[in-house]
Amino acid sequence: MALAHAILAALVDAPCSGYDLAKRFDGSVGFFWSASHQQIYRELSKLEDQGWISCETILQAGRPDKKLYSVTGLGEQQLKQWIAQPCEPTPIKDDLLVKIFAGHVAPKETILAELERHQKAHLEKLSTYENLEQHYFQNPQELPEVQQFQYLTLLNGITYERHWLAWCDRVISVIEAKK
């Protein structure tokens, strides 16, 4: 997946400024596709050059002009074509798994500390996701279609974090049983 498609996905529902897009990105698509604000701004220029988005300059008194970006018909067509293309599962590249794989060469306390650090991070992310679910998606069957699809990605995030937490618990118990 290219960053371009992630930006189109974040922009397709409503036009916004680059700043607002970066904030929106962080709170939505950014949960599963990371990009810095600088990368997003660079990509906006490319998308505009390709005609996939348009930009309206809004004059502001006493402030820099604001650029409002919108997905064009061509951009929506590109997004639809990209969605229709099959995609392969993403290969796992995870430092923690490599550390666990070779964990027998390190003190168990080192591995346990790393696992506990990851547990904490996954608990925090799960809490964020569950708060979003409570705030925006209490009755998924009653949501408009746009929000239902957004909920489905959130549901994946919730499941993913719960899986990691269960795995961490199991690994910790196996390591501690061998102490």
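A brief report on the enclosed structure follows. (Residues numbered from 1 in each chain as written. Predicted model: local features only at pLDDT ≥ 70, side-chain atom pairs only at ≥ 80, totals over all residues. Heavy atoms only, no water.)

Across the sheet, which stays open at both edges, the three strands sit in the order S1-S3-S2 with antiparallel pairing between neighbours. The strands lining the two open edges of the sheet, one partner per strand, are strand S1 (16-17) and strand S2 (53-58). When S2 meets strand S3 (residues 66-71), the two strands line up antiparallel, connected through six bridges. Paired with Cys55 across the two strands is Tyr69, which belongs to S3. Here helix H1 (residues 3-11) sits on the sheet in contact with S1, S2 and S3, set at roughly 95° to S3. Here helix H3 (residues 37-50) sits on the sheet in contact with S2 and S3, set at roughly 110° to S2. (Pairing = 2+ DSSP bridges. Helix = DSSP H or I, 4+ residues; strand = E, 2+ residues; numbered from the N terminus. Contact = heavy atoms within 4.5 Å. Axes fitted to C-alpha atoms, helices over the stretch in contact; angles between N-to-C directions.)

With that settled, the discussion passes to the packing of H1 against helix H4 (residues 73-84). One way to put it is that H1 packs onto H4 with a least axis distance of 10 Å and a crossing angle of 115°. Handedness of the H1/H4 crossing: left-handed. Between H1 and H4, the contacting residues are His5, Leu8 and Ala9 on the first element and Gly75, Gln78, Leu79 and Trp82 on the second. (Left-handed = near helix turned anticlockwise from the far one by under 90°.)

Before going further, it helps to spend a moment on the packing of H1 against helix H2 (residues 18-26). Axes are the key here: two packed helices are described by the angle between their axes and the distance separating the axes. Running from amino to carboxyl end, H1 crosses H2 at an angle of 95°, the nearest separation of the two axes being 10 Å. Compared by their axis directions, H1 and H2 come out roughly perpendicular. Residue-level inspection shows Leu3, Ala6, Ile7, Ala10 and Leu11 of H1 in contact with H2, the latter providing Leu21, Arg24 and Phe25. Looking at the contact of H1 with H2, its residues break down into seven nonpolar, no polar and one charged. (Parallel < 35°, antiparallel > 145°, perpendicular 65-115°, else oblique. Nonpolar A, V, L, I, M, F, W, Y, C, P; charged D, E, K, R; others polar.)

A few words on the nonpolar core. Core analysis: the biggest nonpolar cluster contains 21 residues, and Ile7, Leu11, Leu21, Phe25, Ile40, Leu44 and Ile53 have the highest contact counts within it. When residues of this core are traced back to their parent elements, those giving at least two are H1, H2, H3 and S3. Looking at this core element by element, the count peaks at seven residues for H1. For Leu21, the residues in contact, after removing those within four places along its chain, are Ile7, Ala10, Leu11, Cys16, Ile40 and Leu44. By size, the runner-up hydrophobic cluster in this structure holds nine residues, among which are Leu96, Leu112, Leu115 and Val171. (Core = buried A, V, L, I, M, F, W, Y, C linked by side-chain atoms within 4.5 Å. Buried < 20%, exposed > 50% of the residue type's maximum accessible area, 1.4 Å probe, protein only.)

Below, the discussion takes up the pairing of S3. With two bridges joining them, S1 and S3 adopt antiparallel strand pairing. Bridged to Ser17 within S3 is Leu68.

Next up on the list: the packing of aromatic side chains. Applying the stated criterion across every chain yields a total of five aromatic pairs. Here the aromatic rings of Phe31 and Tyr129 are separated by 5.0 Å at their centres, their planes lie at 90°, and the arrangement is edge-to-face. With Phe31 in the loop between H2 and H3 and Tyr129 in helix H6 (residues 108-136), this residue pair connects regions lying 98 residues apart in the sequence. For Phe31, a relative accessible area of 27% translates into the label partly exposed. Through a chain of ring-to-ring contacts, the aromatic side chains of Tyr136, Phe137 and Tyr151 assemble into a single cluster. (Phe/Tyr/Trp six-rings, centres within 6.5 Å; stacked < 30°, edge-to-face > 60°.)

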